[in-house]
Amino acid sequence: MDAESQSVSNKRLYMYAKQCIDSDVSDSVHLNAEKTSQTENLIDYAMLKYTQVSLVNKNLWDKFDQLGTEMIVTKAGRRMFPIFHVNISGLNPNVYYLLAIDFRLCDRKRYRYSFHSSTWIHAGKADPQVTNRIHIHADGLAKGSHWMRQAILFDKLKLTNNAFARNDHVILNSMHKFQPRLHVISVPQVELINAAHSVPQKNEPFFTGNLEYTLDCDGMRHLKKTFIFEETKFFAVTAYQNHRVSVG
């Protein structure tokens, strides 16, 4: 990491990443006509349209998916298995990026495991999600050359069912089905991080301090690319229900 990336606090990184991710569900605001070309140049510079991600351990995920993957959640927090292990290509080597993972409900259902039929069955409506935390890779803010150098492990990511967890563990309700999403988030100007605040409301632009352009919700949306691997969906559990997916 260089001095510029180290100068950005973890809190600011989280706020910026969350804003980019949440821009998908925010009301888009039209870009200022005078600033549009500058914003487009910023987006092109990030090269996200060329970015590709692949699962290194896809075969392992496929095997679990065929059985119905279960992921243990505990109050203290537990690492995922299988773990997220990916390769990334197509980034701009000189642009800064963040990698973040969040988890979305696959549906609005609560489940239980039927030992009689060895299947997961619907058991009512989904419980309200306490919070939608994201997990930022431990390497934080790094250039594209760093992320493309070798395969990336999300081995610090832990899942918990403790709604009052004060650490950075991701909070999930047990007996619900989740789909992980990997977000590659570009930071073409480090000043964007320092200007990050809560997600803009309708007609409220995202100003970048002394920079000469403005990014609103729509602009933020184009500074990230989301990858969803269907084979990584799972049921959150406090103990394995299907003995065939137990990893001991």
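Residues numbered from 1 in each chain as written. Predicted model: local features only at pLDDT ≥ 70, side-chain atom pairs only at ≥ 80, totals over all residues. Heavy atoms only, no water.

Undergrad: Would you mind going over the pairing of strand β4 (residues 85-89) with me for this structure?
TA: Only one face of β4 is buried: it carries V86 and I88, and the other face, with H85, N87 and S89, is open. One ladder, built from four bridges, connects strand β1 (residues 52-55) with β4; its direction is antiparallel. Along β4, the bridge assignment pairs S54 with N87. Two strands pair when backbone bridges link them, and β4 and strand β10 (residues 152-153) are joined in this way by two bridges, in the antiparallel orientation. Note on β10: the bridge partner recorded for V86 is I152. (Buried < 20%, exposed > 50% of the residue type's maximum accessible area, 1.4 Å probe, protein only. Helix = DSSP H or I, 4+ residues; strand = E, 2+ residues; numbered from the N terminus. Pairing = 2+ DSSP bridges.)

Undergrad: Could you clarify how one ought to interpret the sheet that holds strand β12 (residues 170-171) in this entry?
TA: Adjacent strands of a sheet pair through backbone hydrogen bonds, lying either parallel or antiparallel. Here three strands make up an open sheet; going across it, the order is β3-β11-β12 and the pairing mixed. The open sheet is flanked by β3 (78-79) and β12, the only strands paired with a single partner. Pairing geometry for strand β11 (residues 158-160) and β12, over two bridges, is parallel. From the neighbouring strand, L159 faces β12, where its bridge partner is V170.

Undergrad: Help me understand the packing of aromatic side chains in this model?
TA: Counted under the stated rule, the structure contains ten aromatic pairs. Measuring from centroid to centroid gives 5.4 Å for Y113 and W120, while their planes differ by 70°, and the two rings are edge-to-face. Overall, Y113 belongs to the buried group, its relative accessible area being 7%. (Phe/Tyr/Trp six-rings, centres within 6.5 Å; stacked < 30°, edge-to-face > 60°.)

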